[in-house]
Amino acid sequence: MKRALITGITGQDGSYLAEYLLDLGYEVHGLVRHVALQDGRDRLQRLTPILPRLRLHSGSLENAASVFHVVQRVQPDELYHLGAQTFVPYSFEDAFSTLQTNINGTHFVLEAVKQAAPHCRIYFASSSEMFGNADEQPQRETTRFHPRSPYGIAKVAGFHLTRNYREAYQLFACSGIMFNHESPRRGFEFVTRKITQHAARIKRGLAKELPLGNLDAQRDWGFARDYVRAMHAMLQQSTPQDYVVATGETHSVREFCELAFGHVGLNWKDHVVTKPELHRPAEVFTLIGDATRARQELGWSPLMPFRELVESMVDHDLALIDGLKPTP
Ligand code: GDR
């Protein structure tokens, strides 16, 4: 039986990945902060159905010794490093802690594997935010990085650290350059979930307005459950490589609103208000990924179409309000 260790297991991607690996017969371990273990009902809610099948270890990505001890104790065959501060606007508000946590966290994980479990294969959750103000469309593995936020800068550092551990110490370490991926488990601060939750609340008469920032921003939005299959596939290859994971379609925030509100018979224009304070100091205007390498080498392709993704998120948020579904 293969053993996997996941950092960020409590998040959207961590929970889908844990389910996927359990289904494949893995023994799944997670590194979680001590507070999450103390306050399990809230912080472990995405893991509730699979909790009895997981082995969780208390540790912090801000503490090299705790990362080292967990890696040493678990001796994983595969480590998926997903844990980070992932909300781009917050990285402008507190750039120092975002850079510190995200860069050091990745460095601690790589060093722990090098010292305590060098046979272990590593996946690093890299991001399309590294392309930022990209000078080609679509973006592929060879596109130049031009990050536009402290978050994106930290991901570039993590990407290069991962590559360097691969080249310098022969670790099997890969980065997945993941474009935006969403689901009913997405945090409410991200634009997709913010829109679907508000569309549902407005439909049920619980709210009137949805405040948003830049409606013209365009993103390549896929379904998170599809993306965790690519993470796993990268670690099953004969040689480690970095891969873009994306749908190859781009849509604007405005278009997302149109579909989400339209699905519940509302006109988004009656409810969306733009607020200058929700615009970012430096915006990433258009992202669209070319996942040809992932398609050809990993046999990966996304299954969920865009419209279905939006509608399923709205339906889920309606069901939450109506008390028909537990929080995902
Ligand atoms: P992003 O996701 O920054 O692309 O990073 P987010 O959903 O936050 O923003 C997408 C786009 O929507 C615009 N926008 C708003 N965004 C938020 N959050 N709230 C608003 O009110 C709003 N109005 C407009 C933004 O300006 C932006 O252009 C996500 C994260 O998951 C990262 O961790 C990950 O690496 C990348 O996707 C790939």
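The structure displayed is predicted, hence computed values, not measured ones.

1. A closer look at the overall build of the protein chain
Summing up its helical and strand segments, the protein chain has 12 helices and 13 strands in all. Scaling as 2.2 N^0.38, a compact globule of 328 residues should have a C-alpha radius of gyration of about 20 Å, and the protein chain matches this with 19 Å. Taken along the three principal axes of its C-alpha coordinates, the protein chain extends 60 × 45 × 40 Å. Considering the protein chain as a whole, with its 328 residues, one finds that 54% of them fall into the buried category.

2. Digging into the nonpolar core
Of all hydrophobic cores here, the largest spans 53 residues; its most connected members are Ile-6, Val-28, Tyr-80, Tyr-123 and Met-234. Ranked by the residues each element gives to this core, the list is headed by helix 9 (residues 224-234), at seven residues. Mapping this core onto the domain boundaries places at least three of its residues in each of domain 1 (3-181 + 221-245) and domain 2 (187-219 + 250-284 + 305-322). In this structure Ile-6 touches Gly-14, Leu-17, Ala-18, Leu-21, Val-28, His-29, Gly-30, Leu-31, Tyr-80 and Leu-82, once residues within four positions along its chain are discounted.

3. A word on the packing of helix 1 (residues 12-23) against helix 9
In a packed pair of helices, the relevant descriptors are the angle between the two axes and the axis-to-axis distance. Viewed as axis vectors pointing N to C, helix 1 and helix 9 meet at an angle of 65 degrees, and their least axial separation amounts to 9 Å. As helix 1 packs across helix 9, the resulting crossing turns out to be right-handed. Contacts from Gln-12, Asp-13, Tyr-16, Leu-17, Glu-19, Tyr-20 and Leu-21 of helix 1 reach helix 9 at Ala-224, Arg-225, Val-228, Arg-229, Met-231 and His-232. Grouping the amino acids of the contact of helix 1 with helix 9 by side-chain chemistry returns seven nonpolar, two polar and four charged.

4. Overview of the packing of aromatic side chains
Each aromatic ring pair is specified by the distance between its two centres and by the angle formed by the two planes. Within the structure shown, the criterion is met by 11 aromatic pairs. On the basis of an interplanar angle of 40 degrees and a centroid distance of 6.1 Å, the ring pair of Tyr-80 and Tyr-123 is categorised as tilted. Highlighted residues: Tyr-80 in strand 4 (residues 78-81) and Tyr-123 in strand 5 (residues 121-127), separated in sequence by 43 residues. Measuring from centroid to centroid gives 5.2 Å for Trp-221 and Phe-256, while their planes differ by 65 degrees, and the two rings are edge-to-face. Separated by 35 residues along the polypeptide, Trp-221 in the loop between strand 9 (218-219) and strand 10 (222-223) and Phe-256 in helix 10 (residues 253-263) bring together distant segments of the chain. Here Phe-256 falls in the buried class, since its relative accessible area comes to 0%. Here the aromatic residues Phe-131, Phe-145, Phe-159 and Phe-179 are joined through ring pairs into a cluster of three or more. Taking the ring centre of Phe-172 as reference, the NZ or CZ of Arg-121 above it sits at 3.8 Å.

5. Some thoughts on unusual backbone geometry
The peptide bond linking Gln-137 to Pro-138 adopts the cis configuration, its omega dihedral lying at -10 degrees. Considering the arrangement of structural elements, one finds Pro-138 in the loop between strand 5 and helix 7 (150-169). A positive phi is found at Gln-75, a non-glycine position, where the angle reads about 50 degrees. Mapped onto the elements of the fold, Gln-75 is located in the loop between helix 4 (64-74) and strand 4. Backbone geometry at Gln-170 places phi at a positive 60 degrees, although glycine is not the residue there. Mapped onto the elements, Gln-170 comes out in the loop between helix 7 and strand 6 (173-178).

6. Structural notes on the environment of Thr-101
Structurally, the position occupied by Thr-101 is in helix 6 (residues 95-116). The spacing of Thr-101 and Glu-62 is 39 residues in sequence and 5.8 Å in space, taken between C-alpha atoms.

7. A look at the site of the ligand
If you check the shell around the ligand, you find 26 residues, and the closest are Thr-86, Ser-127, Tyr-151, Arg-280 and Glu-283. Measuring from an oxygen atom of the ligand, one finds a side-chain N or O atom of Tyr-151 at 2.6 Å. Between Val-191 and the ligand, the recorded distance is 2.9 Å, taken from a backbone N or O atom to an oxygen atom. Isolated, the ligand exposes 710 Å² of accessible area, and the fraction of that covered by the protein chains is 96%. Secondary-structure elements contributing two or more residues to the shell around the ligand are helix 8 (191-203) and strand 8 (210-212). Of the residues assigned to the shell around the ligand, the class counts are 13 nonpolar, six polar and seven charged. Two domains each donate at least three residues to the shell around the ligand, and these are domain 1 (3-181 + 221-245) and domain 2 (187-219 + 250-284 + 305-322).

8. Points about the domain arrangement of the protein chain
You can read the domains of the protein chain as domain 1 (3-181 + 221-245) and domain 2 (187-219 + 250-284 + 305-322). Centre-to-centre separation of domain 1 and domain 2, based on C-alpha positions: 27 Å. The partner domain 2 presents 17 residues to the 13 residues of domain 1 that form the contact. For the pair domain 1 and domain 2, the summed buried surface comes to about 1400 Å²; carbon and sulfur atoms form 67% of the total. When the buried surface of domain 1 facing domain 2 is broken down by residue, Phe-87, Arg-148 and Trp-221 rank first, second and third, together holding 54% of it.

9. So, the confidence of the model for the protein chain
The predicted model of the protein chain has a mean per-residue pLDDT of 97, with 99% of residues at 70 or higher. Per-element confidence in the protein chain ranges from a low mean pLDDT of 81 for helix 3 (residues 40-43) to a high of 99 for strand 4.

About the criteria used
- Residues numbered from 1 in each chain as written.
- Predicted model: local features only at pLDDT ≥ 70, side-chain atom pairs only at ≥ 80, totals over all residues.
- Heavy atoms only, no water.
- Helix = DSSP H or I, 4+ residues; strand = E, 2+ residues; numbered from the N terminus.
- Rg over C-alpha atoms; globule rule 2.2 N^0.38 Å.
- Buried < 20%, exposed > 50% of the residue type's maximum accessible area, 1.4 Å probe, protein only.
- Core = buried A, V, L, I, M, F, W, Y, C linked by side-chain atoms within 4.5 Å.
- Domains from an automatic or database assignment.
- Contact = heavy atoms within 4.5 Å.
- Axes fitted to C-alpha atoms, helices over the stretch in contact; angles between N-to-C directions.
- Left-handed = near helix turned anticlockwise from the far one by under 90°.
- Nonpolar A, V, L, I, M, F, W, Y, C, P; charged D, E, K, R; others polar.
- Phe/Tyr/Trp six-rings, centres within 6.5 Å; stacked < 30°, edge-to-face > 60°.
- Lys NZ or Arg CZ within 6 Å of the ring centre and 35° of its normal.
- Near = heavy atom within 4 Å.
- Polar contact = N/O pair within 3.5 Å; in protein donor to acceptor, adjacent residues only side chain to side chain.
- Areas by Shrake-Rupley, 256 points an atom, 1.4 Å probe, with all protein chains shown as cover.
- Buried area = accessible area lost by both parts, 1.4 Å probe.
- pLDDT = per-residue confidence, 0-100.

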